[in-house]
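Structure assessment
One-letter residues, chain by chain:
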Amino acid sequence: MPRDYIPAEVERRVRQAARHRCGYCLSPQRLVMARLEIEHIIPAAKGGDSSEPNLWLSCPLCNRFKADRTSARDPDTGTEVPLFNARTQRWSEHFRWSKDGIRVIGLTPSGRATVALLHLADDPDALIVRAHWVLAGWHPPTDDEQRLSPESGNGAGSPGV
Ligand SMILES: [Zn+2]
């Protein structure tokens, strides 16, 4: 069995835990023609395995830009810093949307480095697509805070509200 083999059940759980959207640009599967990809947070080329804790969901665009990288330069400081970890870190603590909703703004060193490497604020095709999503009322997502753990099912009930 190849070491990058991912059982269908694991893939299903990862897609569900990621709420069927890219961990970086938050593009949801329902708006992306291409199938979102299971990505290795630590790439196989750098020794990452295909166990569930190392897997998350990425759109093909983000996955291609991320390639085998685990760090990138923070454009504000020039320091090489770890990329945003979509599985363990909260998106809204590292990023926000621009006022027009089409660009991701990095808030932290890792956030800024990830925006730069993955072109989350300047990929021309992505900007056009997001602009149309904004016009349609589909974007930006407003539920970034509601990260569900895989165990919490479909989130029925909101304790503490
Ligand atoms: Zn993406």
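Above this text sits the structure in question.
This write-up is about the structure you can find in this document. (Residues numbered from 1 in each chain as written. Predicted model: local features only at pLDDT ≥ 70, side-chain atom pairs only at ≥ 80, totals over all residues. Heavy atoms only, no water.)

All right, on to the coordination of the zinc ion then. The coordination sphere of the zinc ion contains the protein donors Cys-22 (SG), Cys-25 (SG), Cys-59 (SG) and Cys-62 (SG), at a distance range of 2.3 Å. What the four donor atoms of the zinc ion show is an angle range of 103 to 116° at the metal, which sorts the shape as tetrahedral. Here the donor residues of the zinc ion are spaced in sequence according to C-x2-C-x33-C-x2-C. Here the residue Cys-22 occupies a position in the loop between helix H1 (8–17) and strand E1 (37–40), and Cys-59 occupies one in the loop between strand E2 (55–58) and helix H2 (60–66), the gap between them amounting to 37 residues. Residue Cys-22 shares its accessibility class with Cys-59, and that shared class is buried. (Donors = N, O, S within 2.8 Å, 3.2 Å for Na, K, Ca; no water. Tetrahedral: all angles 85-135°; square planar, octahedral: opposite > 155°, others 65-115°. Helix = DSSP H or I, 4+ residues; strand = E, 2+ residues; numbered from the N terminus. Buried < 20%, exposed > 50% of the residue type's maximum accessible area, 1.4 Å probe, protein only.)

A few words now on the layout of surface pockets. Volume-wise, the largest pocket comes out at about 300 Å³. Every residue lining the largest pocket is counted, 18 residues in all, and those nearest its centre are Ser-27, Cys-59, Leu-61, Ala-126 and Val-129. Put simply, the parts of the chain that give the lining of the largest pocket at least two residues each are H2 and helix H5 (124–136). Ranked by residues supplied to the lining of the largest pocket, first place goes to H5 with five residues. Considered class by class, the residues forming the lining of the largest pocket number 13 nonpolar, two polar and three charged. Considering the residues around the second largest pocket, the lining is formed by Arg-19, His-20, Arg-21, Leu-26, Pro-28, Gln-29, Arg-30, Trp-138, His-139, Pro-141, Thr-142 and Asp-143. A per-class count over the lining of the second largest pocket returns four nonpolar, four polar and four charged. (1 Å grid on protein atoms, 1.4 Å probe; cavity = no way out; pocket = protein on both sides within 12 Å on 5 of 7 lines; lining within 4 Å. Points joined across faces, edges and corners; volume = space filled by probe spheres on them. Nonpolar A, V, L, I, M, F, W, Y, C, P; charged D, E, K, R; others polar.)

Within H1, the full set of buried residues consists of Val-10, Val-14, Arg-15 and Ala-17. One side of H1 holds all its buried residues, which, seen down the axis, span an arc of 165°. For H1, the elements touching its buried residues are E1 and E2. One or two residues past the end of H1 sits Arg-19, with phi positive at roughly 55°. (Arc of directions from axis to C-beta. Contact = heavy atoms within 4.5 Å.)

Time to look at the pairing of E2. Neither face of E2 is open: one carries Leu-55 and Leu-57, the other Trp-56 and Ser-58, and all of them are buried. Bridge analysis of E1 against E2 gives four bridges, and the strand direction is antiparallel. Among the inter-strand pairings, Glu-39 is bridged to a residue of E2, identified as Trp-56. (Pairing = 2+ DSSP bridges.)

A few words now on the packing of aromatic side chains. Inspection of every chain in the model, using the stated rule, returns four aromatic pairs. Aromatic pair Phe-84 and Phe-95: ring centres 4.9 Å apart, planes at 80°, arrangement edge-to-face. You can see Phe-84 sitting in the loop between strand E4 (80–82) and helix H3 (91–94) and its partner Phe-95 sitting in strand E5 (residues 95–97), a full 11 residues away along the chain. For Phe-84, a relative accessible area of 2% corresponds to the buried category. For Phe-95, a relative accessible area of 1% puts it in the buried group. Through a chain of ring-to-ring contacts, three or more aromatic side chains come together here, namely Tyr-24, Phe-84, Trp-91, Phe-95 and Trp-97. Directly above the ring of Phe-65 sits Arg-64, whose terminal nitrogen or CZ lies 5.9 Å from the centroid. (Phe/Tyr/Trp six-rings, centres within 6.5 Å; stacked < 30°, edge-to-face > 60°. Lys NZ or Arg CZ within 6 Å of the ring centre and 35° of its normal.)

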